[in-house]
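Survey of secondary and tertiary structure
Here are the chains, one letter per residue:
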Amino acid sequence: MEEFDVVIIGGGPAGSAMASYLAKEKVKVGLFEKEIFPRHHVGESLVPSCNRVFEELGLLPKLEAANFPKKFGAAWTTYNSSKTFDHDWNHYLEADADIRFDERKQEGVNLPYTYHVNRSKFDQLLLHHAKDLGAKIVEGADVFDVKFQSPKEVIVSVRLQDQTEQKVSAKLVVDASGRRTFLGSKLNLKVKDKVFDQCAFHCWFSNFNRNAFEKSEYIYIHFIPVSNSWIWQIPIDESTTSFGVVTQKKNFPATSADREKFFWECVSTRPELEAELRKATQSTDFKVEADYSYAITELTGNNFLMIGDAARFVDPIFSSGVSVALNSARFAAKDIIEALRTGDFNKSSFENYELTIRKGISNWYTFIGMYYRLNVMFTYFVNHPKYRLQVLKFLQGDVYDDSHQDLIREMEAMVHSVESNPNHPLHNHLGSLTAGRLKI
């Protein structure tokens, strides 16, 4: 039986980053990935906090060489000419909004941009980087069982591509299995988020005229007049652009034909977008991402921890997925290396990681919840000089401390003032998605 210090389940951004962090420290690490890379994955736009991880792992030269489109900022567009009110309701601010990442200096982030990525190429690049650093990578290897034998031994059972089975041992197992949530499901720790019941329907188009939009290198989020719904627009390469509609499950058609019709119905609510998209050529089939918001009640335990989507997934409105994956590996690696030093693999050894990542995800969750409750308020705060940099810190992915509490309190106060006054000018803009938030 092959022995490792750490076994990682899954080779997406979280698993690859974890393998890289540990291999850099000469930890004997084995990563088992069910699929054979490259493979398609959604989540194509990054935020600048990812750059901090890339810098620490020595990945930036490879990302630059891969020639991924540079992402300098983000823009939100409205479907009508409505404007948001100032706090005193005696003047207006534009409902559209945009930000540049270089407006705020980030510690440990030296570039004024991050990247839009073809996830097939990006994920493979990260996985190969971990291998280059010394991690053992096995693709086509389906982990189907984990048994916690003793305080210092975990037995992991793997089914290989030729259907043979193999057991390996480790002191610690890291679940980076993504939305498969292998350990969370096995240990009955997974809780469905009944509030954010969103689904996404997406595909790629070639030769879309991004220059029709002022900031062609940005990610665009287009508001549409469908409850709690929006459209993303993400550059993938010089000629390819990703588009997706995110909506509540109750709006989502059952058949592929009806979904394609629904996609174009949503696009048609933004005539300036539809005019350009109709000229482009659809280059991939439509894909569906459904039932994707959930929580895990315990992220760590004796001899295990969960990172990335295996730990939690929240609605992707602010491109948080890869950032949370990479940073969860960054935080968890510190605790793992210390646990290997002391030989203590009890849950308490991973407390710093769990507290940090829960705080960050809670901040994201609250912020996203208020966005859906009153999305015109979001553009108000982006455009307001007093709050702009605080919002930008969120959008850069720096969410793992308590510095956001003033902003959150101000946003909650505004939402409350609108909710409590049926005659408020913004009352009819309230969404319904945040009632009874899942506080985990």
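Keep in mind that this is a model prediction, so the values were computed, not measured.

1. Considerations on the overall build of the protein
Along the backbone of the protein there are 12 helices and 23 strands. In terms of C-alpha radius of gyration, the protein reaches 22 Å, essentially the compact-globule figure of 22 Å for 440 residues. Principal-axis analysis of the C-alpha atoms places the extent of the protein at approximately 70 × 45 × 45 Å. For the protein, the proportion of contacts with a sequence separation of at least 24, taken over those separated by at least 6, is 74%. Surface exposure of the protein reaches about 17,700 Å², of which carbon and sulfur atoms provide 48%.

2. Concerning the pairing of strand β16 (residues 230-235)
Each regular strand carries side chains that alternate between the two faces of the sheet. Summarising burial for β16: six of the six residues are buried, a large majority. Looking at chain direction, strand β15 (residues 219-223) and β16 are connected through four bridges and run antiparallel. Residue pairing for β16: I221 is matched across the bridge by W232. The hairpin formed by β15 and β16 contains six residues between the paired strands, and N228 there has a positive phi angle of roughly 55 degrees. Here six bridges tie β16 to strand β17 (residues 240-248), and the two strands are oriented antiparallel to one another. Residue pairing across strands places W232 opposite G244, the latter belonging to β17. In this antiparallel pair of consecutive strands, β16 and β17, the connection spans four residues.

3. Description of the layout of surface pockets
Counted as a void, the largest pocket has a volume near 800 Å³. If you go around the largest pocket, you meet 45 residues; those closest to its centre are H41, V42, R119, R179 and D309. For the lining of the largest pocket, the secondary-structure elements that each account for two or more residues are α1 (13-24), β2 (29-33), β15, β16 and α8 (321-342). For the lining of the largest pocket, the class distribution of residues is 21 nonpolar, 14 polar and 10 charged.

4. Quick look at the pattern of salt bridges
For the structure shown, the criterion picks out 30 salt bridges. Between D123 and R119 there is a salt bridge whose closest N-O contact spans 2.8 Å. Of the two residues, D123 and R119 are both situated in helix α4 (residues 119-132); the distance of four residues between them amounts to about one turn of the helix. Relative accessible area serves as the criterion here: at 1%, D123 is assigned to the buried category. Taking relative accessible area as the criterion, R119 reaches 5% and is therefore assigned buried. Each of E298, K347, E354 and R358 takes part in a single network of salt bridges with overlapping partners.

5. Regarding the packing of aromatic side chains
The description of two aromatic rings rests on the distance between their centres and on the angle between their planes. With the rule as written, the count across this model stands at 33 aromatic pairs. Seen in terms of ring centroids, F201 and F252 are 6.0 Å apart; in terms of plane orientation they differ by 85 degrees. Their pairing is edge-to-face. One end of the pair, F201, is in strand β14 (residues 198-206); the other, F252, is in the loop between β17 and α6 (256-268), and 51 residues separate them in sequence. With relative accessibility at 3%, the residue F201 sits in the buried group.

6. Points about the sheet that holds strand β13 (residues 190-192)
One open sheet accounts for three strands, arranged β13-β20-β23; its pairing is antiparallel. Where the open sheet ends on each side, the last strands, each with one partner, are β13 and β23 (312-313).

7. As for the environment of A75
Positionally, A75 belongs in strand β4 (residues 73-77). Sequence spacing of A75 and Y220 is 145 residues, and the spatial spacing of their C-alpha atoms is 4.9 Å. Excluding its chain neighbours within four sequence positions, the residues that come into contact with A75 are A97, D98, Y218, I219, Y220 and I221.

8. With respect to unusual backbone geometry
Among all residues except glycine, the phi angle is most often negative; among peptide bonds, the trans geometry is most common. Here F37 and P38 are connected by a cis peptide whose omega angle stands at 5 degrees. By secondary structure assignment, the location of P38 is in the loop between β2 and α2 (49-57).

9. A closer look at the nonpolar core
With 125 residues, the main nonpolar core has M18, F54, W76, I307 and F318 as its most contacted residues. With near-sequence residues (within four places) excluded, F318 lies in contact with V47, W76, W364, F367, I368, Y371, F378 and L395. Judged by nonpolar contacts, the second largest core, of 23 residues, contains I224, F243, F263 and L273.

10. Thoughts on helix α10 (residues 375-383)
Burial runs high along α10: seven of the nine residues are buried. Within the sequence span of α10, burial applies to V376, M377, F378, T379, Y380, F381 and V382.

11. Here's the deal with the side chain of R259
Note that R259 resides in helix α6. D258 is the oppositely charged side chain nearest to the buried, salt-bridge-free R259, at an N-O distance of 8.2 Å. Of the polar contacts made by the side chain of R259, one reaches the backbone oxygen of A254; its length is 3.1 Å. With residues up to four places along the chain from it excluded, the contact list for R259 reads F201, F252, P253, A254 and V288.

Definitions and cut-offs
Residues numbered from 1 in each chain as written. Predicted model: local features only at pLDDT ≥ 70, side-chain atom pairs only at ≥ 80, totals over all residues. Heavy atoms only, no water. Helix = DSSP H or I, 4+ residues; strand = E, 2+ residues; numbered from the N terminus. Rg over C-alpha atoms; globule rule 2.2 N^0.38 Å. Contact = heavy atoms within 4.5 Å. Areas by Shrake-Rupley, 256 points an atom, 1.4 Å probe, with all protein chains shown as cover. Buried < 20%, exposed > 50% of the residue type's maximum accessible area, 1.4 Å probe, protein only. Pairing = 2+ DSSP bridges. 1 Å grid on protein atoms, 1.4 Å probe; cavity = no way out; pocket = protein on both sides within 12 Å on 5 of 7 lines; lining within 4 Å. Points joined across faces, edges and corners; volume = space filled by probe spheres on them. Nonpolar A, V, L, I, M, F, W, Y, C, P; charged D, E, K, R; others polar. Salt bridge = Lys/Arg side-chain N within 4 Å of Asp/Glu carboxyl O. Phe/Tyr/Trp six-rings, centres within 6.5 Å; stacked < 30°, edge-to-face > 60°. Core = buried A, V, L, I, M, F, W, Y, C linked by side-chain atoms within 4.5 Å. Lys, Arg positive; Asp, Glu negative; His and termini not counted. Polar contact = N/O pair within 3.5 Å; in protein donor to acceptor, adjacent residues only side chain to side chain.

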